[in-house]
Amino acid sequence: LGVQMHKPQFDGTPTTEEYRAYLALLLRDTFIGRAENLPLARATDRILAQDVLARLDVPSFDNSQMDGYALTAEGASRENRIFTVGREIPAGRPLQRSRASDDLTYPIMTGAPIPKGYVAVVPVEHSERIEYPDLPESFGRPSEKIRLPQAPKGQFIRRRGEDVVAGQIMARSGERVTPALLGTLAAQGYTRVTVACGPRVLVCTGGDEIRPTLTEDGDDTATELAYGQIYDANGPMLTSMLVEDGAVVRRISIGDDPELLIEHLREEYETFAPDIIITSGGISHGKYEVVRNAIAMAPSLGLPIPLSWFGHVSQQPGGPQGVNVLDFNGHRLPMISFPGNPVSTLISYVLMLRPYLRAGGPYGTPHEVASRMATLENAPRGVLVIDKPLTAPANKRQFLRGNLAMVESEPGTYRVELYPDVLPGSHLLHHAATADVLIELAPGTTYTGGEAVRYHRIRLTDN
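Residues numbered from 1 in each chain as written. Predicted model: local features only at pLDDT ≥ 70, side-chain atom pairs only at ≥ 80, totals over all residues. Heavy atoms only, no water.

### Some words on the overall build of the protein chain
Link 1 in the chain: A tally of regular secondary structure across the protein chain gives 9 helices and 28 strands.
Link 2 in the chain: Relative to a compact globule of 463 residues, whose C-alpha radius of gyration would be 23 Å, the protein chain shows 31 Å and is clearly more extended.
Link 3 in the chain: With respect to the three principal axes, the spread of C-alpha positions in the protein chain is 95 × 55 × 45 Å.
Link 4 in the chain: A buried classification covers 48% of the 463 residues belonging to the protein chain.
Link 5 in the chain: A fraction of 70% describes how many contacts in the protein chain between residues 6 or more apart in sequence connect residues 24 or more apart.
Link 6 in the chain: About 22,400 Å² of surface is accessible on the protein chain, with carbon and sulfur atoms providing 51% of the total. (Helix = DSSP H or I, 4+ residues; strand = E, 2+ residues; numbered from the N terminus. Rg over C-alpha atoms; globule rule 2.2 N^0.38 Å. Buried < 20%, exposed > 50% of the residue type's maximum accessible area, 1.4 Å probe, protein only. Contact = heavy atoms within 4.5 Å. Areas by Shrake-Rupley, 256 points an atom, 1.4 Å probe, with all protein chains shown as cover.)

See below:
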């Protein structure tokens, strides 16, 4: 699609994938990430801000994969299978002096260095003690005679550099520090690592009909509602999801006054310095659409808008979308606008923004981020269970709430069942809160049950 500082040119109504790709490119060009150096123990689930190189070969020496007996090449293959037991080689205590002999076998423990001249290991449980036949699985004493089977060269030996070679890239910028990667870095002697700071995100929700709740300092601001008013659900929900994805969040409540919104944005730019602005609501075609109105008048108030787009994405819920770039004295700040109905906000974030943040954001090449996003977007499939046929809207991909369960007779296979008495209304947040997944239905397709459909887990902890 390409990102230019003007209205994006979609070929008709963009699909979910097209719009998500456009947002990723826009954020790549406008979101400059920051980094911090942390103790390794605190880096779990953080995003690497630079490539990490291997300091050591792993393993750093040839070592035994088993508790057993080390043999030379001739000893491993010859017909005579009787050997003399040498000194033991415990892990961490290599022999200072050793001699290689085809008749001599060294008892060696798992992880211990392979003595020079030895090429294979026979597990101790495969040995036979000639002098003490009643103890077949214990190690022989020095100078004792034992019988060992033949072994191929390299058997049960972990070679130096088999896992990692010093100097190779172990992990790239933009990758997430998983427990396994953390262990790999620890094995290299790393005690600290440079990771991305979470993006600073300003969340703007509200309208004159919205009463704020759940302030950042924990004060209870939920007052009695006047007739026609509702409590704010989108602000706390967006904040929670962003925090799950590592963001630093500030949330403000906005009314219907566009000039006041511009004033708030200027204040937050100076005091909070956000990397991204997210709004919820105020982008439709009504008279009091505060976000659209604010963007329209921003240039006349001295705030240039080098890019502005409001339109629809071919999905339901979450069709109305908006993306703008605000120019604060030469600093271009992206503002992503979601529709205001709670389920539409939820789905928009999960499908549009979360994949980019989870894929490493600005840390990594465009190809790497696109590849990671594609992996995250490769939603699994489950067998659809429904009570009666249903047809998705024409020209729109539909996302319905459902429950996920494993098919007991087929391990690894899941069924997805529409939420009981499911309704598609994008205001029905409780249905989404108690469901497991979003079930993806193809545009204009009729389903009767039993089809394989893609599903998206709603809760990050279920991934």
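Here the narrative resumes, following the displayed structure.
### Points about the pairing of strand E28 (residues 452–457)
Link 1 in the chain: With 3 bridges connecting them, strand E22 (residues 381–385) and E28 associate as antiparallel partners. Looking at the pairing, Val383 lines up with Ala452 of E28. (Pairing = 2+ DSSP bridges.)

### Re the pattern of salt bridges
It is possible for side chains bearing opposite charge to pair when their charged atoms get close.
Link 1 in the chain: This model, assessed by the stated rule, comprises 20 salt bridges.
Link 2 in the chain: Its salt-bridge partner being Arg176, residue Asp45 comes within 3.6 Å of it at the nearest N-O pair. One end of the pair, Asp45, is in the loop between strand E1 (35–39) and strand E2 (52–53); the other, Arg176, is in the loop between strand E11 (169–171) and helix H3 (179–187), and 131 residues separate them in sequence.
Link 3 in the chain: Given a relative accessible area of 17%, Arg176 falls into the buried group.
Link 4 in the chain: Here Arg354 makes a salt bridge to Glu244, at a shortest N to O gap of 3.1 Å. Taken together, the residues Arg354 in helix H7 (residues 342–358) and Glu244 in helix H4 (residues 234–244) connect sequence positions 110 residues apart.
Link 5 in the chain: For Glu244, a relative accessible area of 33% gives the class partly exposed.
Link 6 in the chain: Taken together, the shared-partner salt bridges in this structure form one network comprising Asp45, Arg176, Glu244, Asp245, Arg354 and Arg358. (Salt bridge = Lys/Arg side-chain N within 4 Å of Asp/Glu carboxyl O.)

### Here's the deal with the packing of aromatic side chains
Link 1 in the chain: Under the counting rule described, the total for this entry stands at 4 aromatic pairs.
Link 2 in the chain: An angle of 70 degrees between the planes, with centres 5.3 Å apart, marks the rings of Tyr106 and Tyr118 as edge-to-face. In this pair, Tyr106 is assigned in strand E6 (residues 104–108) and Tyr118 in the loop between E6 and strand E7 (120–123), connecting sequence segments 12 residues apart. Comparing Tyr106 with Tyr118 shows no difference in burial state: the two are buried.
Link 3 in the chain: Ring geometry for Tyr269 versus Phe328: centroids 4.4 Å apart, planes at 10 degrees, classification stacked. Taken together, the positions of Tyr269 in helix H5 (residues 258–271) and Phe328 in strand E20 (residues 320–328) put the pair 59 residues apart, joining distant regions of the chain.
Link 4 in the chain: The exposure class of Phe328 is buried, given its relative accessible area of 5%.
Link 5 in the chain: Above the plane of the ring of Tyr190 lies Arg55, whose end atom (NZ or CZ) is 3.8 Å from the centre. (Phe/Tyr/Trp six-rings, centres within 6.5 Å; stacked < 30°, edge-to-face > 60°. Lys NZ or Arg CZ within 6 Å of the ring centre and 35° of its normal.)

### Topic: unusual backbone geometry
Link 1 in the chain: The omega torsion across Val58 and Pro59 is -10 degrees, close enough to zero to call that bond cis.
Link 2 in the chain: Following the sequence through the fold, Pro59 ends up in the loop between E2 and strand E3 (63–64).
Link 3 in the chain: Residue Phe156 is not a glycine yet carries a positive backbone phi of 55 degrees.
Link 4 in the chain: Of note, Phe156 is situated in the loop between strand E9 (145–147) and strand E10 (157–158).
Link 5 in the chain: Its relative accessible area of 28% is what places Phe156 among the partly exposed residues.

### Details of the packing of H5 against helix H6 (residues 290–297)
Link 1 in the chain: Where H5 contacts H6, the axes come no closer than 8 Å and their chain directions differ by 75 degrees. One way to sum up the angle between H5 and H6 is to call them roughly perpendicular. Seen from H5, the contacting residues are Pro258, Glu259, Leu261 and Ile262; seen from H6, they are Val290, Val291, Asn293, Ala294 and Met297.
Link 2 in the chain: Each residue belonging to the contact of H5 with H6 can be placed in one class, and the counts come to 7 nonpolar, 1 polar and 1 charged. (Axes fitted to C-alpha atoms, helices over the stretch in contact; angles between N-to-C directions. Parallel < 35°, antiparallel > 145°, perpendicular 65-115°, else oblique. Nonpolar A, V, L, I, M, F, W, Y, C, P; charged D, E, K, R; others polar.)

### Let's talk about the environment of Ala91
Link 1 in the chain: When you line up the elements, Ala91 lands in the loop between strand E5 (82–85) and E6.
Link 2 in the chain: Spatially, the C-alpha atoms of Ala91 and Met109 are 5.9 Å apart, while their sequence positions differ by 18 residues.

### Overview of a negative patch on the surface
Link 1 in the chain: A cluster of like negative charges, contributed by Asp208, Glu209, Asp257, Glu259, Glu263 and Glu267, occupies part of the molecular surface.
Link 2 in the chain: You can see Glu263 is positioned in helix H5.
Link 3 in the chain: Its relative accessible area of 42% is what places Glu263 among the partly exposed residues. (Patch = residues over 30% accessible without salt bridge, like charges linked within 9 Å, V, L, I, M, F, W, Y side chains within 5 Å. Lys, Arg positive; Asp, Glu negative; His and termini not counted. Charge placed at Lys NZ, Arg CZ, Asp CG, Glu CD.)

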